Amino acid sequence: MEQQLDYAAVRAAADRIAGVTRPAAVVAARDGVFYALEYLQHTGSFKARGAHNFLAAHRAAGTLPPAGVTIASGGNAGLACAWAARAQSVPATVFLPANAPRVKVERLRGYGADVRLVGDRYAEALTACREFAADSGALSSHAYDHPLIAAGAGTLLDEIRAALPGLDTVVVAVGGGGLFAGVATAAREHGVRVVAAEPEHCRALNAALEAGRPVDVPVDSVAADSLGATRVSADALAAAQHEGVDSVLVPDAQITAARRGLWEDHRIVVEPGAATALAALGRFRRAPGARVAVILCGANTDPADLSPAAR
């Protein structure tokens, strides 16, 4: 099934997910700054959009096998895949390292997934997932590196524009680049500026821009659980090379402060990865009167460290 990431793909994704995913809520935070509350999405992150689009597109094309879908991920992508599969009555087989937190395993099983624990590293789970797909004929999904996944994530941009007329800039955290690639593709269609925010020591996109190609990077950040991709997707790099995109890096201390500020000022609990976008606000130049939307993309986190006793 051939696919490419362009605005037509984003629009097609919007039609597929309509009435299934939750429309983005956008609220005013302070003068000229608005929050897109995508952490309220099904499964607690934006990834539900891409997961549903991926399966719905394959179903429409007649390429969804009886063995269903499989993915190696104990994070937001695995949860979204399992949720989307359940919604479409499709079997989902999710591979995790044997030392994965029990709460993640139980959440996946709660969505009806067949959870398989293999090895003690993600790479071993990924290998087992690929072998399962080859043997069973199951459809392999990916956390971020697929045009259908990115196009589904990109539907968020048009929902933000509908809720926030006159949108000038959108700030998005970048890990592997699925959300960024989709959002930047849609933003380019409408002349909206995109700021790609990464932790200083999880900089797959920033490093790819420097090198002119995707390269492996070390991963060491408080936000590594969701933004810790060692290499950005080719689609993300291509999107970042267009005009109207800025790549900025933020230190862990500012990410932690932004996350705590969201809790103390608004009683919003998000992952460090989501707080990375907010932490980038002071690292790019804003035009006077510009309307800026910060995407708070996920909230699958333990809020215990936000309490005063945890300081």
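Keep in mind the model is a prediction, meaning the values are calculated, not measured.

A short note on the pattern of salt bridges
- Considering all chains together, one arrives at nine salt bridges under this definition.
- In this structure, Arg-49 engages Glu-159 in a salt bridge whose closest nitrogen and oxygen atoms are separated by 2.7 Å. Here Arg-49 is found in helix H2 (residues 47–61), whereas its partner Glu-159 is found in helix H6 (residues 147–163), with 110 residues between them in sequence.
- Among the residues examined, Arg-49 registers a relative accessible area of 0% and is labelled buried.

Side note on the sheet that holds strand S8 (residues 193–199)
- Strand order in the open sheet formed by six strands is S1-S2-S10-S7-S8-S9, and the pairing between neighbours is mixed. Across the chains shown, the open sheet's two edge strands, defined by having one partner strand only, are strand S1 (26–30) and strand S9 (245–250). Strand-to-strand twist in this sheet, taken as the mean axis angle between neighbours without regard to direction, amounts to 25°.
- Bridge analysis of strand S2 (residues 33–36) against strand S10 (residues 291–295) gives four bridges, and the strand direction is parallel. Residue pairing for S10: Ala-36 is matched across the bridge by Ile-295.
- Seen against the sheet, helix H7 (residues 178–190) touches strand S7 (167–173), S8, S9 and S10 and runs at an angle of roughly 165° to S8.

Regarding the sheet that holds strand S3 (residues 69–72)
- Overall, parallel pairing links the four strands, which are arranged S5-S4-S3-S6 in an open sheet. The open sheet terminates on both sides in strands that have one partner only, identified here as strand S5 (114–117) and strand S6 (139–140).
- Where S3 meets S6, two bridges bridge the pair, whose relative direction is parallel. Bridging from a neighbouring strand, Val-69 pairs with Leu-139 of S6.
- Together, strand S4 (92–96) and S5 form the strand contacts of helix H4 (residues 102–110), whose direction differs from that of S5 by roughly 150°.
- Contacts from helix H5 (residues 122–136) reach S3, S4, S5 and S6 within the one sheet, and its direction differs from that of S3 by about 160°.

Here's the deal with the packing of H6 against H7
- Look at H6 against H7: their axes get within 7 Å of each other, and the N-to-C directions meet at 45°. Overall, the two elements H6 and H7 adopt an arrangement that is oblique. In this structure, H6 crosses over H7, and the sense of that crossing is right-handed. Judged by residue contacts, Ala-150, Ala-153, Gly-154, Leu-156, Leu-157, Asp-158 and Arg-161 of H6 engage Gly-178, Leu-179, Ala-181, Gly-182, Val-183, Ala-186, Ala-187 and His-190 from H7.
- When its residues are assigned to classes, the contact of H6 with H7 shows nine nonpolar, four polar and two charged.

Things to note about the packing of helix H11 (residues 252–266) against helix H12 (residues 272–279)
- Closest axis-to-axis distance for the H11/H12 pair is 8 Å, and the angle between their directions is 100°. Relative to H12, the element H11 lies roughly perpendicular. Across the interface between the two elements, Gln-254, Ile-255, Ala-258, Arg-259 and Leu-262 from H11 touch Pro-272, Ala-275, Thr-276, Leu-278 and Ala-279 from H12.
- Along the lines of polarity and charge, the residues of the contact of H11 with H12 split into seven nonpolar, two polar and one charged.

Examining the packing of aromatic side chains
- Tallying each qualifying case throughout the model produces one aromatic pair.
- Ring centres of Phe-95 and Phe-132 lie 5.6 Å apart, and the angle between their planes is 55°; on these two criteria the pair is classed as tilted. With Phe-95 in strand S4 and Phe-132 in helix H5, this residue pair connects regions lying 37 residues apart in the sequence. A single burial state applies to Phe-95 and to Phe-132, both of which are buried.
- Here the basic side chain of Arg-267 rests over the ring of Trp-263, its NZ or CZ set 4.3 Å away from the ring centre.

About the cut-offs
Residues numbered from 1 in each chain as written. Predicted model: local features only at pLDDT ≥ 70, side-chain atom pairs only at ≥ 80, totals over all residues. Heavy atoms only, no water. Salt bridge = Lys/Arg side-chain N within 4 Å of Asp/Glu carboxyl O. Helix = DSSP H or I, 4+ residues; strand = E, 2+ residues; numbered from the N terminus. Buried < 20%, exposed > 50% of the residue type's maximum accessible area, 1.4 Å probe, protein only. Pairing = 2+ DSSP bridges. Axes fitted to C-alpha atoms, helices over the stretch in contact; angles between N-to-C directions. Contact = heavy atoms within 4.5 Å. Parallel < 35°, antiparallel > 145°, perpendicular 65-115°, else oblique. Left-handed = near helix turned anticlockwise from the far one by under 90°. Nonpolar A, V, L, I, M, F, W, Y, C, P; charged D, E, K, R; others polar. Phe/Tyr/Trp six-rings, centres within 6.5 Å; stacked < 30°, edge-to-face > 60°. Lys NZ or Arg CZ within 6 Å of the ring centre and 35° of its normal.

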